[in-house]
Each structure stands twice: as C-alpha cells, then as structure tokens.
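# Structure assessment
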Amino acid sequence: MDYGEMLEKGMQEVPENTDDSGRFEVPDLEVESRSGSTRVGNFMDVAEAIGRDPEHLADFLSDDIGTATSLQGSELEISGEFRRENIRGRIDNYLERFVYCDECGSPDTVLTEEKEVRIVRCQACGARNVLD
Ligand SMILES: [Zn+2]
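Description of the structure in this document. The residue count restarts for each chain, going from 1 along the sequence in the order it is written. Since the coordinates come from a predicted model, pLDDT governs what is reported: local features require at least 70, and pairs of side-chain atoms require 80 or more to be given and counted, while whole-chain, interface and lining totals use all residues.

Scanning the protein chain for helices and strands turns up four helices and seven strands. Numbered from the N terminus, helices here are DSSP runs of H or I no shorter than four residues, and strands are runs of E no shorter than two. Order of helices (α) and strands (β) in the protein chain, N terminus to C terminus: α-β-β-α-α-β-β-α-β-β-β. Every C-beta atom is placed from the backbone, and the number of other C-beta atoms within 10 Å of a residue's own sets its class: buried at 20 or more, exposed at 12 or fewer, partly exposed in between. Going through the 132 residues of the protein chain one by one, you find that 15% of them count as buried. Sequence-distant contacts, at least 24 apart, represent 42% of the contacts inside the protein chain between residues at least 6 apart. Distance between backbone-placed C-beta atoms decides contact: two residues are in contact if it is within 7 Å.

As structure tokens, this is what we get:
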C-alpha cells in the first residue's frame, strides 16, 4: 500500500468531511543537517501553514525528538543530525495531537486554554477535544 492509498484509507474512516479539502498541505521542509545540528529553513512557513504558535511547535519537537531546539529568526535549529523524513514524521505527530479534530478530522481548529486545560476546538463541527 503506498502513501496515497494510506491517506485514502484514512479518509474513509472519517465519518464526515470526506472530500480532500479536509486536510491541508504542510510546505516541504527545507532541512539541512551538518556538524551535529539540523536546520529547518522554512520553519515559520510551516507554523503559519498549520496555524500554530512556532514556539509551541518547537517545544513539542524538542520533547518528541528528545533534544534541544531553538528558534533562529524564521529557522529552527535542532541539536543533532536528523533526516527530513524524521522531522516530517514529528510534525505529523503534532498535527494529529494539536491540529486535527478527533471527531471529524478537520484541520480547521483553534488551540485554546480554559481553566488551565488545553482544548482543541473545532470550527467545523464544534467539538472540543480536551488534551491531557
Ligand atoms: Zn470537528
């Protein structure tokens, strides 16, 4: 099964919003790794495309990879050498957790905080996905 088929299969399991406007494109990552560190050149574009705070995304990547990250202007610097596919996989983890709605799969969500509980609120179906 190739990646396209996997995506299609994933879409079929979503009860609503089955057209492909339900998912969005993350820009191709510009990743360069050398001398023990990795740079994501278009990190700000990625954060903007997914509509999330770049610092929140950077912190998540730091935890998920288990290394230090730091924002350098529009770039992200990551300690250690990592391949683009690896970083992309981490960003997909972030999307699953903090962007896509658990109920309908829509990426049209906002991350908010209510009484110190973080919530992904869906603009498409109104679901409130509480994060633990
Ligand atoms: Zn929803």
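Before going further, it helps to spend a moment on the sheet that holds strand β7 (residues 128-130). Any two strands with at least two DSSP-identified bridges between them are counted as paired. An order of β5-β6-β7 is seen for the three strands of this open sheet, with the pairing classed as antiparallel. Unpaired on one side and paired on the other, β5 (109-114) and β7 mark the two borders of the sheet. On average, each strand axis in the sheet is tilted by 30 degrees relative to the strand beside it, whichever way the strands run. With three bridges joining them, strand β6 (residues 117-122) and β7 adopt antiparallel strand pairing. From the neighbouring strand, Val120 faces β7, where its bridge partner is Asn129. Every axis in this analysis is a line fitted to C-alpha atoms, fitted for helices over the stretch in contact. Angles between the N-to-C directions lie between 0 and 180 degrees.

Moving on, we get to the packing of helix α3 (residues 54-65) against helix α4 (residues 84-98). Interaxial distance between α3 and α4 falls to 10 Å at its minimum, and their mutual angle equals 115 degrees. In this structure, α3 crosses over α4, and the sense of that crossing is right-handed. Of the residues in α4, those touching α3 at Leu57, Phe60, Leu61, Asp64 and Ile65 are Arg90, Asn93 and Tyr94. Put simply, a crossing is left-handed when the front helix is turned counterclockwise from the back one by less than a right angle, and right-handed when it is turned clockwise.

For this entry, the nonpolar core is defined as buried Ala, Val, Leu, Ile, Met, Phe, Trp, Tyr and Cys residues connected by C-beta atoms within 7 Å. With 11 residues, the main nonpolar core is built from Val31, Val40, Phe43, Val46, Ala47, Leu57, Leu61, Leu76, Ile78, Ile87 and Ile91. Secondary-structure elements contributing two or more residues to this core are α2 (43-50), α3, β4 (75-79) and α4. It is α2 that provides the largest number of residues to this core, a total of three residues. If near-sequence neighbours (up to four positions away) are discounted, Ala47 is found in contact with Arg52, Pro54 and Leu57.

With that settled, consider the sheet that holds β4. The strand order across the open sheet formed by four strands is β1-β2-β4-β3, and the pairing between neighbours is antiparallel. Lying at the two open borders of the sheet, with one neighbouring strand each, are β1 (31-34) and β3 (69-72). The mean angle between the axes of side-by-side strands here comes to 20 degrees, regardless of whether they run parallel or antiparallel. Sheet analysis places β1 next to strand β2 (residues 37-40), joined by four bridges and oriented antiparallel. In the sheet register, Val31 faces β2, and the bridge partner there is Val40. Against the sheet, α3 touches β3 and β4, its axis set at about 150 degrees to β3.

Read these as geometric descriptors, not functional statements.
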